[in-house]
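Each chain is listed here by its residues.
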Amino acid sequence: PQRMKISAFLPMLLIFGTTITAPALAQSETETATKEKKKRKRRANPKKEAKELELLQRSATLYWEGVRWNDIEKSANFIENGNDRMEFQQWLEEKIEGHKIMEARVIRVDVEPIHERKSEITKIANLSVAMQSYKMPEQVLTKEVFHQRWYRKQTGWWLEWVSPIVQAREAEKADNTK
């Protein structure tokens, strides 16, 4: 009689066991598919990030080439707002007047993604640029490190620049409110 109970129980276990494990099997297949998607997404991101960094590096290099060779328009192309661009050209021309820039190179890039969905800006980058220059007529070599902030929009990477005139107005407003 005990043999009969066990032998009757085994087919039942097999029947109910497969019924019970089928949803679990389907769930594990779904989990596996999800994990595979995440892996593919992770694999795709480094390539995309590398392209973004390459574009930023190229934009910054073009900007600094413009500064180095006194091609103000080339550098001004990285100012997004057209009105600011005109003022930037005048400002930069005054800044580099009498200077001979020997070398300017990007030495550090830190990029932060912007997670706000409604923001036009998708990334912010902080760059450090090493520059060697001398001023005429002294011809004493100076080495400086400049820090810049760039932002990424659909249209490309743009240099964040605030007009000195606007800065002065904002400082004046802040002083008047105290």
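For the structure itself, look to the data block above.
Parameters at a glance
- Residues numbered from 1 in each chain as written.
- Predicted model: local features only at pLDDT ≥ 70, side-chain atom pairs only at ≥ 80, totals over all residues.
- Heavy atoms only, no water.
- Helix = DSSP H or I, 4+ residues; strand = E, 2+ residues; numbered from the N terminus.
- Buried < 20%, exposed > 50% of the residue type's maximum accessible area, 1.4 Å probe, protein only.
- Contact = heavy atoms within 4.5 Å.
- Areas by Shrake-Rupley, 256 points an atom, 1.4 Å probe, with all protein chains shown as cover.
- Core = buried A, V, L, I, M, F, W, Y, C linked by side-chain atoms within 4.5 Å.
- Pairing = 2+ DSSP bridges.
- Axes fitted to C-alpha atoms, helices over the stretch in contact; angles between N-to-C directions.
- Expected span 1.5 Å × (residues − 1).
- Polar contact = N/O pair within 3.5 Å; in protein donor to acceptor, adjacent residues only side chain to side chain.
- Phe/Tyr/Trp six-rings, centres within 6.5 Å; stacked < 30°, edge-to-face > 60°.
- Salt bridge = Lys/Arg side-chain N within 4 Å of Asp/Glu carboxyl O.

Describe the overall build of the chain, listing the residues and the values that go with them.
Broken down by element type, the chain carries four helices and four strands. In sequence order, the chain lays out its α and β elements as α-α-α-β-β-β-β-α. Across the 178 residues that make up the chain, the buried fraction comes to 22%. Restricting the contact set of the chain to residue pairs at least 6 apart, pairs at least 24 apart contribute 54%. Working note: accessible area of the chain is about 13,900 Å², and carbon and sulfur atoms make up 55% of it.

Help me get a handle on the nonpolar core, residues and values and all.
Within the largest apolar cluster, 22 residues are counted, with the highest numbers of intra-cluster contacts made by Y63, V67, F88, L127, W150 and L159. Elements that contribute at least two residues to this core include exactly α1 (2–68), α2 (72–76), α3 (82–96), β1 (99–113), β2 (123–135) and β4 (156–159). Among the elements that make up this core, the one with the highest residue count is α1 (five residues). Once you skip the residues sitting within four places of it in the chain, L127 turns out to touch L56, A60, V106, R108, V109, F146, H147, Q148 and W150.

Run through the sheet that holds β1, naming residues and quoting values.
In space, the four strands of this open sheet follow the order β1-β2-β3-β4, with antiparallel pairing throughout. The open sheet is flanked by β1 and β4, the only strands paired with a single partner. Neighbour-to-neighbour, the strand axes of the sheet open up by a mean angle of 30°, direction not taken into account. For β2 and strand β3 (residues 141–153), the ladder comprises twelve bridges, and the chain directions are antiparallel. Its bridge partner lying in β3, M131 is registered against E144.

For the side chain of E52, give the residues involved together with the corresponding values.
Along the chain, E52 turns up in helix α1. Judged by relative accessible area, which is 13%, E52 ranks as buried. Once residues within four sequence positions are removed from consideration, E52 is found in contact with K123, R152 and W157.

Break down α3 for me, with residues and values.
In an α-helix there are 3.6 residues to a turn, and that puts residues three or four apart on one side. The end-to-end C-alpha separation of α3 is 21 Å, in line with the 21 Å expected for 15 residues at 1.5 Å each. Structurally, the start of α3 carries an N-cap: the backbone nitrogen of N83 is 2.7 Å from a side-chain oxygen of N81. Phi turns positive, to about 80°, at G98, one or two residues after α3.

Describe the packing of aromatic side chains, with residues and values.
The final tally for this structure, using the stated rule, is eight aromatic pairs. On the numbers, 5.8 Å between centres and 35° between planes, the contact of W64 with F146 is tilted. Of this pair, W64 sits in helix α1 while F146 sits in strand β3, and the two are 82 residues apart along the sequence. With a centroid separation of 5.6 Å and an interplanar angle of 55°, the aromatic rings of W91 and W161 are classed as tilted. In this pair, W91 sits in helix α3 while W161 sits in the loop between β4 and α4 (164–177), placing the two residues 70 residues apart along the sequence. For W91, a relative accessible area of 26% corresponds to the partly exposed category. For W161, a relative accessible area of 14% puts it in the buried group.

An account of the pattern of salt bridges is requested, with residue identities and associated values reported.
Note on pairing: side chains with opposite charge can pair once their charged atoms come close. Taken as a whole, this structure holds eight salt bridges when the rule is applied. Linking E120 and K153 is a salt bridge whose minimum nitrogen-to-oxygen distance equals 3.1 Å. Taken together, the residues E120 in the loop between β1 and β2 and K153 in strand β3 connect sequence positions 33 residues apart. Using a relative accessible area of 58% as the deciding quantity, one classes E120 as exposed. K153 sits in the buried class, given a relative accessible area of 15%.

Shape descriptors only; they carry no functional weight alone.
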